[in-house]
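Fold and contact review
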Amino acid sequence: MSQGLQLYKPFLNSVCDTFAMMANIKVYIEGAFSSETDEITSYGVSSIINYTGKIKGRFLLDMQPSVALTLAQNVLGSYYNNERDEMVLATISEMNNVIAGNAVSILNNRYSLGLWLSPPYIFTGKDAVIVLPRIRSASVGCNTLYGKLKVYIAFERGTEK
Amino acid sequence: MKKTALIVDDSPLIHNLLRRALEKCNYEVCGDARNGKEGVELFKKLAPDVVFMDINMPVMDGLEAVKDIKDFLGKAGGGSRIIMLSAVGDDEIVAKAQELGVKTFIRKPFNDYKIISALSMVE
């Protein structure tokens with residue numbers, strides 16, 4: 001397995017585990033990781049979290065509003081119809097924190113990277129363009145019964161062999 | 001009589017999820033704290049049967065809070081009543097928690113089953 005994939009896999013596994021365990025949503029992975037350009041066009045709701053230690057990087061979870069609403073509904077047990085609702089955004093942020101925290105712990109325990117997380121940021125807006133300059137990003141598309149999501153994992157250039 | 005639980009976590013979402021899980025287990029949530037400092041104060045005031053303690057929190061982190069609770073309880077120790085619950089599961093941090101007497105550590109993500117299992121270990 002390439003070093004890049006070794007770093008990416010814990011994030012993808014953590015997405016699937018966290019969605020299933022905390023929101024009862026099964027995530028279907030569609031295809032393999034592919035390289036991304038610096039610009040990401042959002043599905044509608046995105047949460048980004050940075051990590052730093054011996055290497056640096058970013059984890060971005062992008063999803064259609066229908067996924068965000070179902071996620072919040074299943075986790076909080078209340079109905080929401082606006083993805084910009086404060087509780088929906090707080091849910092997505094915390095889910096991202098759990099996903100990234102879990103993945104980073106696995107990487108720290110395996111490779112002693114000493115990674116720690118910064119607080120997550122959240123953005124809304126369909127087709128909003130998110131620019132991640134100077135960073136190599138790999139992405140993989142995923143599907144759920146409620147809509148699509150995409151996972152972007154990036155490590156600072158120069159960290160991969 | 002219902003047993004009591006104190007939740008110490010900076011995420012309202014986690015409070016919500018834990019409260020629902022605990023109620024299913026016939027626990028009453030007697031206190032909600034948003035950081036370790038509030039958690040220690042509520043522990044002293046409420047003397048809960050069990051504490052769910054996050055690690056990364058503002059003001060005072062979970063490990064420091066556990067140490068304060070342990071000091072408050074004296075040699076009897078309070079670690080066994082505390083369930084650490086965190087997305088950060090680095091071996092080094094888990095070892096520090098164990099040194100403080102914490103016997104149960106849940107790594108997020110979690111579901112009701114994980115909570116029930118953890119409760120059975122501290123009861």
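Cut-off values and rules
Residues numbered from 1 in each chain as written. Chains lettered and ligands numbered in written order. Predicted model: local features only at pLDDT ≥ 70, side-chain atom pairs only at ≥ 80, totals over all residues. Heavy atoms only, no water. Helix = DSSP H or I, 4+ residues; strand = E, 2+ residues; numbered from the N terminus. Axes fitted to C-alpha atoms, helices over the stretch in contact; angles between N-to-C directions. Parallel < 35°, antiparallel > 145°, perpendicular 65-115°, else oblique. Left-handed = near helix turned anticlockwise from the far one by under 90°. Contact = heavy atoms within 4.5 Å. Nonpolar A, V, L, I, M, F, W, Y, C, P; charged D, E, K, R; others polar. 1 Å grid on protein atoms, 1.4 Å probe; cavity = no way out; pocket = protein on both sides within 12 Å on 5 of 7 lines; lining within 4 Å. Points joined across faces, edges and corners; volume = space filled by probe spheres on them. Core = buried A, V, L, I, M, F, W, Y, C linked by side-chain atoms within 4.5 Å. Buried < 20%, exposed > 50% of the residue type's maximum accessible area, 1.4 Å probe, protein only. Buried area = accessible area lost by both parts, 1.4 Å probe. Salt bridge = Lys/Arg side-chain N within 4 Å of Asp/Glu carboxyl O.

Cis rather than trans, the peptide bond between B:Lys108 and B:Pro109 has omega equal to 5°. Mapped onto the elements, B:Pro109 comes out in the loop between strand S5 (104-107) and helix H5 (112-122). We note that A:Asn24 has phi near 55°; this positive angle belongs to a residue other than glycine. Here A:Asn24 lies in the loop between helix H1 (3-23) and strand S1 (28-36). Despite not being glycine, B:Ala47 has its phi angle at roughly 45°, a positive value.

Once that is clear, we can look at the packing of helix H1 (residues 12-24) of chain B against H5(B). Packed helices, taken two at a time, are described by their axes: the angle between them and the distance between them. All names here are of chain B. The contact between H1 and H5 brings their axes to 10 Å, and the two run at 60°. As summarised for this structure, H1 and H5 are arranged oblique, according to the angle between their axes. For H1 against H5, the interelement crossing comes out right-handed. Each of Leu18, Ala21, Leu22 and Lys24 in H1 lies in contact with H5, whose residues at this interface are Asp112, Ile115 and Leu119. Tallied by class, the residues present in the contact of H1 with H5 amount to five nonpolar, no polar and two charged.

Attention now moves to the layout of surface pockets. Roughly 710 Å³ of internal volume is contained in the largest pocket. Forming the walls of the largest pocket are 37 residues, and the residues nearest its centre are A:Asn97, A:Leu117, B:Asn56, B:Ala87 and B:Val88. Within the residue set of the lining of the largest pocket, elements represented by two or more residues are helix H3 (86-111) and strand S5 (116-117) of chain A together with H1 and helix H4 (91-99) of chain B. If you tally residues by element for the lining of the largest pocket, the top one is H3(A), at eleven residues. Tallied by class, the residues present in the lining of the largest pocket amount to 16 nonpolar, twelve polar and nine charged.

A:Phe11, A:Phe19, A:Phe59, A:Met63, A:Val151 and B:Leu22 are the most contacted members of the largest nonpolar core, which totals 64 residues. Excluding residues that lie within four positions of it along the chain, A:Val151 makes contacts with A:Leu12, A:Val15, A:Phe59, A:Leu60, A:Leu61, A:Ala138, A:Ser139, A:Val140 and A:Cys142.

What follows is about the interface of chain A and chain B. Facing 17 residues of chain A, the contacting portion of chain B comprises 17 residues. Summed over both sides, the interface of chain A with chain B buries roughly 1400 Å², with 59% coming from carbon and sulfur. If you sort the residues of chain A by the area they bury against chain B, A:Met21, A:Met22 and A:Asn109 come out on top, with a joint share of 36%. Across the contact surface, chain A and chain B share zero salt bridges. Grouping the amino acids of the side of chain A that touches chain B by side-chain chemistry returns five nonpolar, ten polar and two charged.

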